[in-house]
Structure formats: structure tokens, C-alpha cells
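# Examination of the molecular architecture
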Amino acid sequence: DAFGLAQLPVFRIVFTALNRLIHDDVVGARTEAQEAEEQLELSEVKLESAQQEIKRLNSSVVTIQAKYLLHEQEVAKNHDNQLKNLRDNYATEAKILRDAHLSEPP
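Only a predicted model underlies this, so the values are computations on that prediction, with no experimental measurement involved.

### A closer look at the overall build of the protein chain
Of the regular secondary structure elements, the protein chain holds one helix and zero strands. For the protein chain, the C-alpha radius of gyration of 44 Å lies well beyond 13 Å, the compact-globule estimate for 106 residues. By its C-alpha atoms, the protein chain is 145 × 20 × 15 Å across when sized along the principal axes. Counting every position in the protein chain, which comprises 106 residues, the buried fraction comes to 0%. For the protein chain, the accessible surface area stands at approximately 9,900 Å², while carbon and sulfur atoms represent 61% of it. With 12 positive and 18 negative side-chain charges, the protein chain shows a separation of 7 Å between the mean positions of the two kinds.

### Digging into a negative patch on the surface
Taken together, the side chains of Glu32, Glu35, Glu37, Glu38, Glu41 and Glu44 define an acidic patch exposed on the protein surface. With respect to the element layout, glutamate 32 can be found in helix α1 (residues 9-103).

### A short note on the pattern of salt bridges
Following the criterion strictly, the structure yields three salt bridges and no others. One salt bridge connects arginine 56 with glutamate 53, and the closest N-O pair in it is separated by 2.6 Å. Taken together, the residues span about one helical turn, with arginine 56 and glutamate 53 both in helix α1 at a distance of three residues. Across the salt bridge formed by aspartate 88 and lysine 84, the nearest N and O atoms sit 3.4 Å from each other.

### Observations regarding the environment of valine 61
As for its position among the elements, valine 61 is in helix α1. On a C-alpha basis, the gap between valine 61 and phenylalanine 15 in space is 67 Å, while along the polypeptide they are 46 residues apart.

### Quick notes on a nonpolar patch on the surface
A surface patch of nonpolar side chains, about 540 Å² in accessible area, is lined by Val10, Val14, Leu18, Leu21, Ile22 and Val26. Mapped onto the elements, isoleucine 22 comes out in helix α1.

Scoring rules and cut-offs
Residues numbered from 1 in each chain as written. Predicted model: local features only at pLDDT ≥ 70, side-chain atom pairs only at ≥ 80, totals over all residues. Heavy atoms only, no water. Helix = DSSP H or I, 4+ residues; strand = E, 2+ residues; numbered from the N terminus. Rg over C-alpha atoms; globule rule 2.2 N^0.38 Å. Buried < 20%, exposed > 50% of the residue type's maximum accessible area, 1.4 Å probe, protein only. Areas by Shrake-Rupley, 256 points an atom, 1.4 Å probe, with all protein chains shown as cover. Lys, Arg positive; Asp, Glu negative; His and termini not counted. Charge placed at Lys NZ, Arg CZ, Asp CG, Glu CD. Patch = residues over 30% accessible without salt bridge, like charges linked within 9 Å, V, L, I, M, F, W, Y side chains within 5 Å. Salt bridge = Lys/Arg side-chain N within 4 Å of Asp/Glu carboxyl O.

In C-alpha cells:
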């Protein structure tokens with residue numbers, strides 16, 4: 001040492017203490033960085049899992065929508081058939097009544 005400071009006991013104590021503090025800070029920073037990286041990896045896994053769940057739910061929604069549309073088409077078809085049957089029944093009834101009325105003597 002050019003200044004002879006290394007020979008002083010106080011300097012050695014302070015220097016050693018500073019080295020320990022720096023070392024502890026570096027180790028602590030590395031540990032925090034490692035923990036942050038692990039948290040990031042965990043978050044990425046959770047994000048991927050959430051994205052897969054969203055895809056699954058979207059697929060379910062599409063399936064439900066398709067089933068609903070098919071059901072609505074079936075209901076509409078049934079209503080159309082019911083209306084047609086009612087029209088046919090009323091037409092038949094009207095024809096019967098008209099024929100009966102025409103066959104009655106005046």
C-alpha cells in the first residue's frame with residue numbers, strides 16, 4: 001500500500017467491514033434477482049394457463065352459441081309447422097262449414 005494505510009488496524013477493520021457489507025449487498029441483490037426471476041417464471045406459467053383457459057372457454061361459448069342457434073331454428077321450425085297446421089285446420093273447418101251452408105236448403 002503506497003500510503004501505509006493497510007498497516008493501520010482501524011483501516012483494516014473498516015475495510016473488512018465495508019467488504020462484508022458490499023458482499024452481503026451483492027449476495028442479497030442476487031437472491032432478490034433470483035426470487036424475482038422465479039416469480040416471473042411462475043407468472044408466465046400462470047399467464048399461459050389462463051390463456052389456455054380463455055381459449056377453452058371461448059370454444060365453449062362458440063359451442064353454446066351454435067347449440068342455441070340450432071335450438072332457435074328448431075323452435076322456429078316447430079312454430080312454423082304449428083301455424084301451418086292451424087291454417088290447414090281452419091281452412092278445412094271453413095270448407096266444411098261452407099259446404100254445409102251451401103248444402104242447406106234456402
